Amino acid sequence: MSDHGMMEKEEIFSKVLRAGRRTYFFDVRATKAGDYYLTITESKKFTNDDGSFHYKKHKIYLYKEDFSEFNEILKEMTDYVIDEKGDEVISERHQKDFKKEDSDSENDNLDLDSITSAERFTDIKFEDI
């Protein structure tokens, strides 16, 4: 490949955001005319049954003429989510290190010693089995 071909593919400025199984790449690149544009790539890691893995990638090309409106809408949408749901992550159960806590509030307040042994069993009818 020629030096000119390599220059077209070269990133001018890059940042990486690692977020669990997803990684986001933000790359400033140059057009053939020498102008800059932004690519945003989402790369998600998938593990196969045999333990090997592969990545799926999705890419967005964002050109300068769209920056202003894109920034406005992105800010509006992210502000909306934070205003509606806060910035605390509530879907932690989807993270691989999530440990489910037994937080059944009714059961937390029960004193097992105060319940007679007969009350601890459920009445099951033979027809239910």
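In the block above lies the structure referred to throughout.
Here's a quick rundown of the structure. These figures come from a predicted structure and were not determined experimentally.

Looking now at the sheet that holds strand 2 (residues 22-30). A sheet is described by the order of its strands in space; here four strands give the open sequence 1-2-3-4, paired in antiparallel fashion. Since the sheet does not close on itself, it has two edges, and those belong to strand 1 (13-19) and strand 4 (53-63), each with one partner. The average undirected angle you get between the axes of adjacent strands in this sheet is 15°. Pairing geometry for strand 1 and strand 2, over seven bridges, is antiparallel. Across the sheet, Lys15 pairs through a bridge with Phe26, a residue of strand 2. Against the sheet, helix 2 (residues 64-85) engages strand 3 (36-47) and strand 4, with an angle of about 100° to strand 4.

A few words on the side chain of Asp27. If you trace the backbone, Asp27 turns up in strand 2. Residue classification places Asp27 among the buried residues on the basis of a relative accessible area of 8%. Looking at Asp27, its side chain comes within polar contact range of the side chain of Ser14, at 2.6 Å. Not counting residues within four places of it along the chain, the set of residues in contact with Asp27 comprises Glu11, Phe13, Ser14, Tyr37, Leu38 and Thr39.

Further remarks concern the pairing of strand 4. Pairing of strand 3 with strand 4 involves 11 bridges; the strand directions are antiparallel. Within strand 4, the residue paired with Ser43 across the bridge is Lys57. Where strand 3 folds back on strand 4, the antiparallel hairpin that results is connected by five residues, among which Gly51 adopts a positive phi of roughly 95°.

This brings us to a negative patch on the surface. On the surface, Glu65, Asp66, Glu69, Glu72 and Glu76 cluster together to form a negatively charged patch. Relative to the helices and strands, Glu65 resides in helix 2.

By the element assignment, Tyr37 lies in strand 3. Separated by 25 residues in the primary sequence, Tyr37 and Ile12 place their C-alpha atoms 9.8 Å from one another. In this structure, Tyr37 is in contact with Asp27, Val28, Arg29, Ala30, Thr31, Tyr61, Leu62 and Tyr63, ignoring residues within four places of it in sequence.

When charged atoms on two side chains of opposite charge get close, those side chains can pair. Taken as a whole, this structure holds four salt bridges when the rule is applied. Put simply, Arg22 and Glu42 hold a salt bridge, and the shortest N to O gap is 2.8 Å. Residue Arg22 is found in strand 2, and its partner Glu42 is found in strand 3; the two are separated by 20 residues along the sequence.

Computed from the structure, the second largest pocket encloses a volume of approximately 180 Å³. Considering the residues around the second largest pocket, the lining is formed by Phe26, Val28, Leu38, Ile40, Leu62, Phe67, Phe70, Asn71 and Leu74. Elements with a minimum of two residues in the lining of the second largest pocket: strand 2, strand 3 and helix 2. Tallying contributions element by element places helix 2 first for the lining of the second largest pocket, with four residues. Class assignment of the residues belonging to the lining of the second largest pocket gives a composition of eight nonpolar, one polar and no charged.

The rules behind each value
- Residues numbered from 1 in each chain as written.
- Predicted model: local features only at pLDDT ≥ 70, side-chain atom pairs only at ≥ 80, totals over all residues.
- Heavy atoms only, no water.
- Pairing = 2+ DSSP bridges.
- Helix = DSSP H or I, 4+ residues; strand = E, 2+ residues; numbered from the N terminus.
- Axes fitted to C-alpha atoms, helices over the stretch in contact; angles between N-to-C directions.
- Contact = heavy atoms within 4.5 Å.
- Buried < 20%, exposed > 50% of the residue type's maximum accessible area, 1.4 Å probe, protein only.
- Polar contact = N/O pair within 3.5 Å; in protein donor to acceptor, adjacent residues only side chain to side chain.
- Patch = residues over 30% accessible without salt bridge, like charges linked within 9 Å, V, L, I, M, F, W, Y side chains within 5 Å.
- Areas by Shrake-Rupley, 256 points an atom, 1.4 Å probe, with all protein chains shown as cover.
- Salt bridge = Lys/Arg side-chain N within 4 Å of Asp/Glu carboxyl O.
- Lys, Arg positive; Asp, Glu negative; His and termini not counted.
- Charge placed at Lys NZ, Arg CZ, Asp CG, Glu CD.
- 1 Å grid on protein atoms, 1.4 Å probe; cavity = no way out; pocket = protein on both sides within 12 Å on 5 of 7 lines; lining within 4 Å.
- Points joined across faces, edges and corners; volume = space filled by probe spheres on them.
- Nonpolar A, V, L, I, M, F, W, Y, C, P; charged D, E, K, R; others polar.

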